[in-house]
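Summary of the model geometry
What follows is the residue order along each chain.
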Amino acid sequence: MAITHVSTDTSGTVDAGAGTDTTNALPASLAENDIVFIAISCDSELSADGVAAGQGWNDIYHSNSALPGHHIAYKVMGATPDADVTINQNGTSVQTWVMAAFRGVDTVTPLDATPTSA
């Protein structure tokens, strides 16, 4: 099966001072075994920000001290695909993110290289 792009969502932004977690809709038209990637960028450290724990996301890279902060993760959708994701947000940062969903990706080994950060 060829890898195909399902959909992308670029609407996510949280302003400084919100200080609360934000629930955001995942890209549309998800099906079982689709893989959703999320990339979050922040104007400060991401020590407390990023995809909330306990939602089944797999970290590709999560900076805890880099400036600007960044978090990249993926999740394989189950039989009933998720509708949303919770993004942690502290009261001192501005965050923005993009999510993209793909179909036909190897769900056992979706990444074929070791992630590195410059």
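Residues numbered from 1 in each chain as written. Predicted model: local features only at pLDDT ≥ 70, side-chain atom pairs only at ≥ 80, totals over all residues. Heavy atoms only, no water.

The next thing to look at is the pattern of salt bridges. Note on pairing: side chains with opposite charge can pair once their charged atoms come close. Considering all chains together, one arrives at two salt bridges under this definition. Between Lys-75 and Asp-82 there is a salt bridge; the shortest N-O distance is 2.4 Å. Looking at Lys-75, the relative accessible area reads 12%, which means it is buried. (Salt bridge = Lys/Arg side-chain N within 4 Å of Asp/Glu carboxyl O. Buried < 20%, exposed > 50% of the residue type's maximum accessible area, 1.4 Å probe, protein only.)

One finds Leu-26, Val-36, Ile-38, Trp-57 and Val-85 to be the most contacted residues of the largest nonpolar core, which totals 14 residues. Taken together, the elements giving at least two residues each to this core come down to strand 3 (35-42), strand 7 (84-88) and strand 8 (95-103). Not counting residues up to four positions away in its chain, the partners in contact with Ile-38 are Val-51, Trp-57, His-71, Ile-72, Ala-73, Val-85, Ile-87, Trp-97, Val-98 and Met-99. By size, the runner-up hydrophobic cluster in this structure holds five residues, among which are Ile-35, Ile-60, Tyr-74 and Val-105. (Core = buried A, V, L, I, M, F, W, Y, C linked by side-chain atoms within 4.5 Å. Helix = DSSP H or I, 4+ residues; strand = E, 2+ residues; numbered from the N terminus. Contact = heavy atoms within 4.5 Å.)

Okay, the side chain of Gln-55 next. Mapping Gln-55 onto the fold places it in the loop between strand 4 (50-51) and strand 5 (58-62). Side-chain polar atoms of Gln-55 contact the backbone nitrogen of Thr-86, separated by 2.9 Å. Ignoring sequence-local partners within four residues, the contact set of Gln-55 consists of Lys-75, Asp-82, Val-85 and Thr-86. (Polar contact = N/O pair within 3.5 Å; in protein donor to acceptor, adjacent residues only side chain to side chain.)

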